[in-house]
Amino acid sequence: MKRHNRFLALGLTAAVAAGSLAGCGGGSGGSGGGDSSAPLTVAIWDGGQQAGLQEILNAFTESTGIKTQLQVIEWNSYWTLLEAGASGGDMPDVFWMHSNEAVKYMSNGILLDITDKVAASEVLELDKFPEDLKSMYQWEGKTYALPKDMDTIAIWYNKTLFDEAGIPYPDGSWTWDEFYEIAQKLTKEDGSVYGFAANPSNEQDTWMNIVYTMGGCVINDEGKSGFDDPKTIAAMEFVDKMVHTVMPPASTMSETGTDVLFGSGKVAMISQGSWMVAGFKDNEYIAANADVARLPKDATTGRSISLYNGLGWAASAGTKNPEGAYKLIEWFATKDMQQKQAELGVTMAAYEGVSDAWVNNTDKFNLTPYLEAMDDVVFRPATKSTLAWWNPMVEELKKPWNGEEDMATACANITAIMNEKIAEE
Amino acid sequence: MGTIKKGTTRERNEFVWGWAFIFPTMLGLIVLNIIPIFQTIYQSFFKTGDFGRGNIFIGIENYVKMFGDAEVWQAVLNTFKYAIVEVPFSIAIALVLAVLLNRKMMGVSAYRTIFFLPMVAAPAAIAMVWRWLFNSEFGLLNHIFGTSINWISDPAIAVFAIAVIGIWSIIGYNMVLFLAGLQEIPRDYYEAASIDGATGINQFFNITVPLLSPTIFFVTITRVIGGLQVFDLIFMVMDKNNPALYKTQSIVYLFYQNSFVENNKGYGSTIVVLLIAIIMVVTVFQMIAQKKWVYYN
């Protein structure tokens, strides 16, 4: 009898052990009740935009009588939750879509098809939105989301550290070689200040801009990896040179994060996207000491290329209130609301010509470089299943960053990984 | 168990009520744990599609891939390293604290509360605080010791730094279990031992430890399982750029990464089935070994 009990106990212990893990896998079935009068649930991942978007939502409720409920879910959990919701049939009504994930959601019929409604709309002016951004949220001729915003990249520099080193503030006419010289001058021997900082995961906001500016590419015209292009390799070797001469050790950057290092005066320059402005505005040290300059140019072509990306507003195909959900998406894409979003300092607008208002949302920084960057932009590289190669690419770059591999080898490995994953799509 | 002989009415009554009382727990266990286990095992034979649609049966292909995957075996090694440090230390320290706090003295409940506090705090909050304590640039640890050690980004030591956080957070819980066990030991034994001239240390090893062994055994079993399932600390403390991540990520971390980040639930399930197997084997060995050292009265 005793023996018997023990085996039962063993079985149950193991069951509890395993179950607490396996439990994560099961999606919850059945969606919450609700009818068309229930508030529309709206999900986003950026807490910095919450206050401004709430105002736009309030205006929507005032104008249409449709109530909304805004929730912020941090980036990583956002996608886990959205996917579990999509599998289990219980999603927010209206939510943000990102170019990394859009194809997966569109091709599986998770998103509400708004093609006809968009075509019939009297208030939308779709020709005012960038073509790449619109087509990112279209799949097989159908539209699933409307552009929400647009972001570009610029350099943030610490004025105090520039003054101390006796270097004039950048006016945006610099080349990457000049940038490197300045970074060298700013880097102190004792390791108390470094000129620049970037992690392997600062792709869109840092090293990919250098790749495109120097004539390379991440995805080439044939839709394959651009990491075997000599220009890409040369650009990545330039990045590698900066990592090992003007940046803090890779371990420090990974532990602390480049924005924190910049915000504590440990690093004199970082390259960051316009989506960081809201956060930097609230950081006392950065607000007092930093300003913005345009990304450097390539010495031979004289071009300064910024990556750009934009989110889309999408709705769930299973929403109880498709009419209301579409009205809200349309509301966000109207000229007035795009302008309001810019004025409130939420983000730059996707709508052409209204982002000037965004530049004036703060007097702490000169944000014009972000607007100027729009003159020469490349859309953030994407394929059908971007994430499948994006993560391994970043993973591989950790090796040269930590001095475990030279950059040329890493580029060769990335080419192989990317082409393999792209072939599987 | 299943067969009941013709017993008295009382025996039958006890049988019925016994099952009635454990029924809610059994139901929860079956719905939340046992069924998902079989679903997970089932899923490990598939190449899963997006949103659980279009799964393709691929037999043991995931398992073949897993046995050749160096990352998985590195994660197994990391997990064992973590458990081997966390379990013995958390038990030994908690045991000593429990013995010290198992007597009448000023402010004993205040001390007990303090040691139990980490158990009440959210693991994510604990991890964030420790992440900054360990930070090589601005961390309190390096500041106090005047060192510049990369506690959480040096591949050689990061997994042990994580284990320190694990020990710190679990000590209070283990201590409470030990305290409960200590209350069960009759004082007579200690009195008799004192009269015979046994020192405190003698009493600890010859009376406390043997009589507490069932509790120690229970704590060991549950902590080993808990240690092998470590995830949240690593997930919160280690950034994805961290050079030590490869030598720190646990089996569950890899499962999460595959299932939810890279969206390959089939392979993720395969990894977690490996963990179930490992936990089963380790637990069976502990069950066998207990005969040598656990004393039931």
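Residues numbered from 1 in each chain as written. Chains lettered and ligands numbered in written order. Predicted model: local features only at pLDDT ≥ 70, side-chain atom pairs only at ≥ 80, totals over all residues. Heavy atoms only, no water.

The helix and strand tally for chain A stands at 20 helices and 15 strands. By the compact-globule yardstick of 22 Å for 425 residues, chain A fits well, its C-alpha radius of gyration being 24 Å. Reported as C-alpha extents along the three principal axes, the dimensions of chain A are approximately 75 × 70 × 45 Å. Burial status across chain A gives 58% buried among its 425 residues. Long-range pairs, those at least 24 residues apart, make up 75% of the contacts in chain A between residues at least 6 apart in sequence. Carbon together with sulfur atoms contributes 48% to the accessible area of chain A, which is approximately 16,900 Å² in total. On chain A, the mean spot of the 31 positive side-chain charges and the mean spot of the 59 negative ones are 6 Å from each other. (Helix = DSSP H or I, 4+ residues; strand = E, 2+ residues; numbered from the N terminus. Rg over C-alpha atoms; globule rule 2.2 N^0.38 Å. Buried < 20%, exposed > 50% of the residue type's maximum accessible area, 1.4 Å probe, protein only. Contact = heavy atoms within 4.5 Å. Areas by Shrake-Rupley, 256 points an atom, 1.4 Å probe, with all protein chains shown as cover. Lys, Arg positive; Asp, Glu negative; His and termini not counted. Charge placed at Lys NZ, Arg CZ, Asp CG, Glu CD.)

On inspection of all chains with the given rule, the structure shows 44 aromatic pairs over all chains. For the cation-ring pair, Lys241 of chain A lies above Tyr180 of chain A, with the distance from its terminal atom to the ring centre recorded as 4.4 Å. (Phe/Tyr/Trp six-rings, centres within 6.5 Å; stacked < 30°, edge-to-face > 60°. Lys NZ or Arg CZ within 6 Å of the ring centre and 35° of its normal.)

So, on to the sheet that holds strand S2 (residues 68–72) of chain A. Residues and elements named next belong to chain A. With respect to topology, five strands assemble into an open sheet ordered S2-S1-S3-S13-S6, the strand pairing being mixed. Edge strands, defined here as strands with exactly one partner in the open sheet, are S2 and strand S6 (145–147). With strand direction ignored, the average angle separating the axes of adjacent strands in the sheet is 25°. Against the sheet, helix H2 (residues 50–64) contacts strand S1 (40–44), S2, strand S3 (94–97) and strand S13 (312–315), and its axis sits at roughly 170° relative to S2. Where helix H15 (residues 322–333) meets the sheet, its contacts fall on S1, S2, S3, S6 and S13, and the angle it forms with S13 comes to roughly 170°. (Pairing = 2+ DSSP bridges. Axes fitted to C-alpha atoms, helices over the stretch in contact; angles between N-to-C directions.)

With that settled, the discussion passes to the pairing of S1 of chain A. All names here are of chain A. Burial analysis of S1 places five of its five residues in the buried class, which makes it a mostly covered element. For the crossover from S1 across H2 to S2, the handedness is right-handed. Pairing geometry for S1 and S3, over two bridges, is parallel. Across the sheet, residue Ala43 finds its bridge partner in S3, namely Phe95. (Right-handed = clockwise from strand over helix to strand, strands pointing away.)

A few words on the confidence of the model for chain B. Taken residue by residue, chain B gives an average pLDDT of 91. The fraction at 70 or more is 97%. The weakest mean pLDDT in chain B belongs to helix H4 (residues 108–120) of chain B at 87; the strongest belongs to helix H3 (residues 70–101) of chain B at 95. (pLDDT = per-residue confidence, 0-100.)

We now examine the environment of Tyr212 of chain A. Residue and element names in this part refer to chain A. Inspection of the secondary structure assignment puts Tyr212 in helix H9 (residues 203–213). You can call Tyr212 buried: its relative accessible area is 12%. C-alpha of Tyr212 to C-alpha of Ala235: the two residues are 23 residues apart in sequence and 8.4 Å apart in space. Contacts of Tyr212, omitting those with residues within four sequence positions, involve Cys217, Val218, Ile219, Ile305, Leu307, Val378 and Pro381.

What follows deals with the domain arrangement of chain A. Residue and element names in this part refer to chain A. Domain boundaries in chain A define domain 1 (40–151 + 309–375) and domain 2 (153–308 + 383–424). One C-alpha centre belongs to domain 1, the other to domain 2, and the line joining them spans 28 Å. At the junction of the two partners, domain 1 supplies 25 residues and domain 2 supplies 26 residues. Carbon and sulfur atoms make up 59% of the surface buried where domain 1 meets domain 2, a total of about 2,300 Å² over both sides. (Domains from an automatic or database assignment. Buried area = accessible area lost by both parts, 1.4 Å probe.)

Note that Thr362 of chain A resides in the loop between helix H17 (356–359) and helix H18 (368–372). Sequence-distant contacts of Thr362 of chain A, that is, excluding residues within four places in its chain, are made with Lys281 and Leu367 of chain A.

Let us now look at the confidence of the model for chain A. Mean pLDDT over chain A stands at 88; residues scoring 70 or higher make up 91%. Confidence drops under a pLDDT of 50 for residues 1–35 of chain A, and excluding neighbours within four residues, the segment shows 49 contacts in the predicted structure.

This brings us to the interface of chain B and chain A. With 50 residues of chain B in contact, the opposing surface of chain A contributes 42 residues. Buried surface at the junction of chain B and chain A, summed over both partners, amounts to about 4,000 Å²; 61% is from carbon and sulfur atoms. For the interface between chain B and chain A, the tally reads two salt bridges. The partner of Lys265 of chain B in a salt bridge is Glu83 of chain A, and the shortest N-O contact between them spans 2.7 Å. The interface formed by chain B and chain A holds 11 residue pairs in polar contact (both at pLDDT 80 or more) in total. Counting residues per element, the side of chain B that touches chain A draws most heavily on helix H12 (residues 265–293) of chain B, which supplies 11 residues. Here the residues of the side of chain B that touches chain A sort into 28 nonpolar, 13 polar and nine charged. (Salt bridge = Lys/Arg side-chain N within 4 Å of Asp/Glu carboxyl O. Polar contact = N/O pair within 3.5 Å; in protein donor to acceptor, adjacent residues only side chain to side chain. Nonpolar A, V, L, I, M, F, W, Y, C, P; charged D, E, K, R; others polar.)

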